[in-house]
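Now for the letters of each chain:
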Amino acid sequence: MDDTAPFHDLIGITLEEWRDGYARLALDVERRHHNRSGVLHGGVLLAMIDQAGGYSGLFCTVPGNVRRAVTVDMDCRFTGQVTTGRIVAEGRIVTAGRNIFFTRTEVLGPDGKLVAYGAGTHRWRSGSQVPEGVPADSPLR
C-alpha cells in the first residue's frame, strides 16, 4: 500500500486498508487535533471523510502507477464527540460514471460508535478513470 500524501503526515492519518471501491483510514486523536472546547475539531473529521471517500476511488492495480481525483462536493453530519483515542474512517464508492464517482464515508470513534458521516462527489483526473492509473511521474494531474 503506497500512501504518499503529505497531508496525511501533517495531521497523522494512516491508511490501514485500501482496495477497489474501499479505503479505511485511522487517526490517533491528540490535543493538537482539538478545538478550543477540548474536543476533536470538526475539520479533522471533514478531512477524514474527504480522504477516505477520495481514496476509495483511487486504488490502482498497477504497481508504480497512481490514480488522482479532485473533490467536487462534500457534505457531513456530526453525530458525536471525541476527545482521545483512535478514530477510523471507512469510505466506499456508492456509484461511479465515466469521470465522476460518488462516495459515502463513516467515521467511528474509539468505542466504535458513529461520530460523523458524509458523502462526496469526486472527479477523476485525466487517465485516472481506469484501475490501471497513470505513471506516478505523468504530467496528467
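Our structure's up above, just so we're on the same page.
Residues numbered from 1 in each chain as written. Predicted model: local features only at pLDDT ≥ 70, side-chain atom pairs only at ≥ 80, totals over all residues. Heavy atoms only, no water.

We now examine empty space enclosed by the protein. Under the defined criterion, the tally for this structure stands at one cavity of 30 Å³ or more. Here the largest cavity is characterised by a volume of approximately 30 Å³. Lining of the largest cavity is provided by Ile49, Asp50, Met74, Thr103, Thr105, Gly118, Ala119, Gly120 and His122. At the level of secondary structure, the elements contributing two or more residues to the lining of the largest cavity comprise helix H2 (42-56), strand E6 (100-108) and strand E7 (114-124). The leading source of residues in the lining of the largest cavity is E7, at four residues. Of the residues assigned to the lining of the largest cavity, the class counts are three nonpolar, five polar and one charged. (1 Å grid on protein atoms, 1.4 Å probe; cavity = no way out; pocket = protein on both sides within 12 Å on 5 of 7 lines; lining within 4 Å. Points joined across faces, edges and corners; volume = space filled by probe spheres on them. Helix = DSSP H or I, 4+ residues; strand = E, 2+ residues; numbered from the N terminus. Nonpolar A, V, L, I, M, F, W, Y, C, P; charged D, E, K, R; others polar.)

Glancing now at the environment of Gly97. Along the polypeptide, Gly97 turns up in the loop between strand E5 (85-96) and E6. Taking the C-alpha atoms as reference points, Gly97 and Val66, 31 residues apart in sequence, are found 19 Å from one another.

With that out of the way, let us pick up the side chain of Arg67. Inspection of the secondary structure puts Arg67 in the loop between strand E3 (65-66) and strand E4 (69-78). Among the polar contacts listed, one links the side chain of Arg67 to the backbone oxygen of Ser128, at a separation of 2.9 Å. Only 3.1 Å separates the side chain of Arg67 from the backbone oxygen of Val130, close enough to count as a polar contact. Leave out the neighbours within four places in its chain, and Arg67 touches Asp20, Gly57, Leu58, Phe59, Cys60, Trp124, Ser128, Gln129, Val130, Pro131 and Gly133. (Polar contact = N/O pair within 3.5 Å; in protein donor to acceptor, adjacent residues only side chain to side chain. Contact = heavy atoms within 4.5 Å.)

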